[in-house]
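Reading the structure
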Amino acid sequence: PVKMYASKGNFGYIENESVKKNRDMIFKWKVITPFANNIGTNLPDDNLNTMISEPKSIVSETYLVIGGNLKLTRDTAKNLSRYLKTKFVRMLIMLAKANQNGTRKTYRFVPLQNFTNESDINWSQSIAEIDQQLFRKYELSEEEIMFIEENVKEMG
């Protein structure tokens with residue numbers, strides 16, 4: 001059986017043979033996030049609620065799979081999940097988002113990072129400290145940083 005994540009973090013199990021699409025993702029580490037989220041909307045929860053989906057798991061259409069082609073490990077999946085919680089990433093998502101649904105295009109401005117220990121980002125730091133590293137890496141101006149800090153809430 002394969003674990004299948006459904007809406008709101010609920011899960012069940014289905015037979016491996018029942019999976020017809022994206023079978024190559026079954027045995028990989030992945031980061032998943034709800035297809036619909038409130039980033040860039042006027043609704044109150046603008047968190048990007050991610051979960052790590054372990055090998056021998058799949059998701060329903062309720063979720064987007066992020067990093068399924070990155071050969072993630074448990075640790076690099078955790079680092080990717082932390083990256084997605086930064087104000088930096090959530091601002092870039094807000095710029096691309098037209099409505100509550102998060103499609104592949106929603107992430108088009110988010111730069112890919114090295115999520116290993118050899119990264120130029122220290123993923124073991126707090127989300128706020130990771131944001132500061134990203135601001136420096138991408139040479140954001142004080143004005144741009146202030147805009148992000150004022151317009152993107154801390155993760156709840």
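Now for a description of the structure that goes with this document.

Cut-offs and rules
- Counting restarts for each chain: residues are numbered from 1 in the order of the written sequence.
- In view of the model being predicted, local features appear only for residues whose pLDDT reaches at least 70, and side-chain atom pairs are presented and counted only at 80 or more, with totals across whole chains, interfaces and linings using the full set of residues.
- Side-chain numbers here rest on the full set of heavy atoms in the structure, without hydrogens or water.
- Pairing between two strands is assigned when DSSP locates at least 2 bridges connecting them.
- Each helix corresponds to a stretch of at least 4 residues labelled H or I by DSSP, and each strand to a stretch of at least 2 residues labelled E; elements are numbered beginning at the N terminus.
- What counts as an axis is a line fitted to C-alpha atoms, over the stretch in contact for a helix, and the angles between N-to-C directions run from 0 to 180 degrees.
- A cavity here means a set of 1 Å grid points, computed over protein atoms only, where a 1.4 Å probe fits but cannot escape. A pocket is an open set with protein on both sides within 12 Å along at least 5 of 7 lines, and lining residues have an atom within 4 Å of a point.
- Grid points are joined across faces, edges and corners, and a volume is the space filled by probe spheres set on the points.
- The nonpolar class holds Ala, Val, Leu, Ile, Met, Phe, Trp, Tyr, Cys and Pro. Asp, Glu, Lys and Arg form the charged class, and all remaining residues, Gly among them, are polar.
- Here, nonpolar core means buried Ala, Val, Leu, Ile, Met, Phe, Trp, Tyr and Cys residues that are tied together by side-chain atoms lying within 4.5 Å of each other.
- Buried means the residue's accessible area, taken with a 1.4 Å probe over protein chains only, is under 20% of the maximum for its type, while exposed means over 50%, and partly exposed covers the values in between.
- Contact criterion: two residues are considered in contact whenever any of their non-hydrogen atoms come within 4.5 Å of each other.

With antiparallel pairing, the three strands of this open sheet are ordered in space as β4-β3-β6. Single-partner strands in this sheet number two, and they are β4 (51-53) and β6 (63-66). Mean inter-strand twist for the sheet, computed between neighbouring axes without regard to direction, equals 40°. Inspection of the sheet shows strand β3 (residues 30-34) paired to β6 by four bridges, in the antiparallel sense. Note on β6: the bridge partner recorded for T33 is L64.

A few words now on the layout of surface pockets. For the largest pocket, the calculated volume is near 1200 Å³. Secondary structure elements with two or more residues in the lining of the largest pocket: β5 (57-59), β6 and α1 (74-84). In terms of residues, the lining of the largest pocket owes the most to one element, β6, which gives four residues. Taken together, the residues that form the lining of the largest pocket break down as 21 nonpolar, eight polar and five charged. Taken as a whole, the second largest pocket holds about 160 Å³ of empty space. Every residue lining the second largest pocket is listed: S7, K8, G9, P34, F35, A36, N49, T50, M51, T62 and Y63.

On to the nonpolar core, then. Residues L80, Y83, L84, F88, V89, Y107 and V110 are the most contacted members of the largest nonpolar core, which totals 26 residues. Mapped onto this core, the elements with two or more residues apiece are β6, α1, α2 (87-96), α3 (127-137) and α4 (142-151). Per-element tally for this core: the top contributor is α2, with five residues. Residues in contact with Y83, not counting those within four places in the same chain, are F88, V89, V110, P111, Q113, F115, W123 and L134.

Read these as layout, nothing more, since geometry by itself doesn't imply function.
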